[in-house]
Amino acid sequence: MMLRPSIALLLALGLVAGAERAAAQASPQPQEPSAFDGSAAPSGASAPDGPELIGLELQTALRSFGPPQHVYPIRGDQPWQDDVVFFYSTHLYLYWYDDRVWQVRFDRNFEGSVLGLSMGASREDAQKSLGKPIASREDWEIFQLPDRGFPVRARLFFTSDRLSDIYIYRSDF
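Residues numbered from 1 in each chain as written. Predicted model: local features only at pLDDT ≥ 70, side-chain atom pairs only at ≥ 80, totals over all residues. Heavy atoms only, no water.

## Topic: the overall build of the protein
Applied cut-off: A helix here means a DSSP run of H or I that spans at least four residues, while a strand means a run of E at least two residues long, and both kinds are numbered starting from the N terminus. Accessible surface area values rest on a Shrake-Rupley calculation with a 1.4 Å probe, where residue burial reflects the displayed protein chains alone.
Within the protein one finds three helices and 10 strands. The linear arrangement of helices and strands in the protein, starting from the amino end, is α-α-β-β-β-β-β-β-α-β-β-β-β. Carbon and sulfur atoms make up 51% of the accessible area of the protein, which totals about 10000 Å².

## Here's the deal with helix α2 (residues 58–65)
What counts, and what does not: Any residue under 20% of the maximum accessible area for its type is buried, any over 50% is exposed, and the rest in between are partly exposed; the area is computed with a 1.4 Å probe on protein chains only.
Residues Leu58, Ala61, Leu62, Ser64 and Phe65 constitute the buried set of α2. Taken from the residues just after α2, Gly66 is the one with a positive phi, measuring 80°.

## As for the side chain of Gln103
Threshold: Here, two residues are considered to be in contact whenever any of their heavy atoms come within 4.5 Å of each other.
With respect to the secondary-structure elements, Gln103 resides in strand β4 (residues 100–106). Residues contacting Gln103, with those up to four places away along its chain left out, are Ile54, Tyr93, Leu94, Tyr95, Tyr167, Ile168 and Tyr169.

## Description of the environment of Leu145
You can see Leu145 is positioned in strand β8 (residues 140–145). In this structure, the C-alpha to C-alpha distance between Leu145 and Tyr169, residues 24 residues apart in sequence, is 9.7 Å.

## Digging into the nonpolar core
Rules: What we call a nonpolar core is a set of buried Ala, Val, Leu, Ile, Met, Phe, Trp, Tyr and Cys residues that are connected through their side-chain atoms within 4.5 Å.
With 34 residues, the main nonpolar core has Leu94, Phe106, Leu156 and Ile168 as its most contacted residues. Val85, Phe87, Ile142 and Tyr169 belong to the second-largest nonpolar core, a separate cluster that totals nine residues.

## Remarks on the confidence of the model for the protein
For the record, the criterion: Confidence of the predictor at the level of single residues is captured by pLDDT, which takes values from 0 to 100.
On average, residues of the protein score 79 in pLDDT, and 72% of them reach the 70 mark or higher. Across residues 1–12, where pLDDT falls below 50, the model places 16 contacts with residues more than four positions away in sequence or in other chains.

## Let's talk about the pattern of salt bridges
Let me state the cut-off plainly: One speaks of a salt bridge when a side-chain nitrogen belonging to Lys or Arg is within 4 Å of a carboxyl oxygen belonging to Asp or Glu.
For the structure shown, the criterion picks out six salt bridges. The shortest N-O distance in the salt bridge between Arg100 and Glu57 comes to 2.7 Å. Of the two residues, Arg100 is situated in strand β4 and Glu57 in the loop between α1 (5–26) and α2; the sequence distance between them amounts to 43 residues. Arg100 gets classed as partly exposed once you look at its relative accessible area, which sits at 38%. Arg105 is the partner of Asp165 in a salt bridge, and the nearest nitrogen-oxygen pair spans 2.9 Å. Note that Asp165 is positioned in strand β10 (residues 162–170) and Arg105 in strand β4, a separation of 60 residues in sequence. The exposure class of Asp165 is buried, given its relative accessible area of 10%. Each of Arg123, Glu141 and Asp161 takes part in a single network of salt bridges with overlapping partners.

## A look at the sheet that holds strand β3 (residues 92–97)
Rules: Note on pairing: two strands pair once DSSP finds at least 2 bridges between them. The axes used here are C-alpha line fits, helices contributing only the stretch in contact, and every angle between their N-to-C directions lies in the interval 0 to 180 degrees.
Across the sheet, eight strands lie side by side as β1-β2-β3-β4-β10-β9-β8-β7; this open sheet has antiparallel pairing. Whereas interior strands pair on both sides, the edge strands pair on one side only; in this sheet they are β1 (70–74) and β7 (135–136). Strand direction decides the pairing type here: β7 and β8, joined by two bridges, are antiparallel. Each residue of the ladder has a partner; that of Ala135, found in β8, is Ile142. Along the sheet, α2 makes contact with β2 (83–88) and β3, crossing β3 at roughly 165°. The strands touched by helix α3 (residues 123–130) within the sheet are β7, β8 and β9 (152–159), with β8 carrying the most contacts at an inclination of about 10°.

Okay, structure coming up:
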């Protein structure tokens with residue numbers, strides 16, 4: 001019997017976290033910060049630029065970011081649309097499907113920069129940085145990002161024409 005991806009991921013997280021805690025207690029060793037490690041950059045500095053987090057594997061995320069502050073499911077209309085979300089205190093969200101990150105979110109409280117933009121940037125700043133949007137509405141715009149072996153897009157949300165939320169995702173789902 002095959003477990004649903006969200007349940008399997010939660011079980012894997014528990015097993016990996018338990019094993020990592022046991023290993024750390026047995027022989028704690030300092031680790032070099034990785035490119036994805038939040039400790040490698042001061043608070044408020046630029047995070048990995050979002051697209052490079054798409055496709056990230058579970059163990060790499062745990063090694064790079066540590067355990068999330070919160071883990072929660074998001075149910076889709078169909079079982080294949082179910083996600084597990086890791087929320088980090090930096091206001092980074094990793095959306096998981098089939099043990100890989102397929103979507104990343106940076107909310108209005110994120111203090112760094114993503115795609116060359118900081119929260120509160122204008123629509124004009126976003127278009128200068130990312131080019132012409134491929135779709136646009138009153139409160140959001142979608143931009144095509146460089147291909148990473150799969151198509152990647154960014155959906156930017158605006159409140160009073162100021163950047164308030166960024167989603168970066170595989171657009172082939």
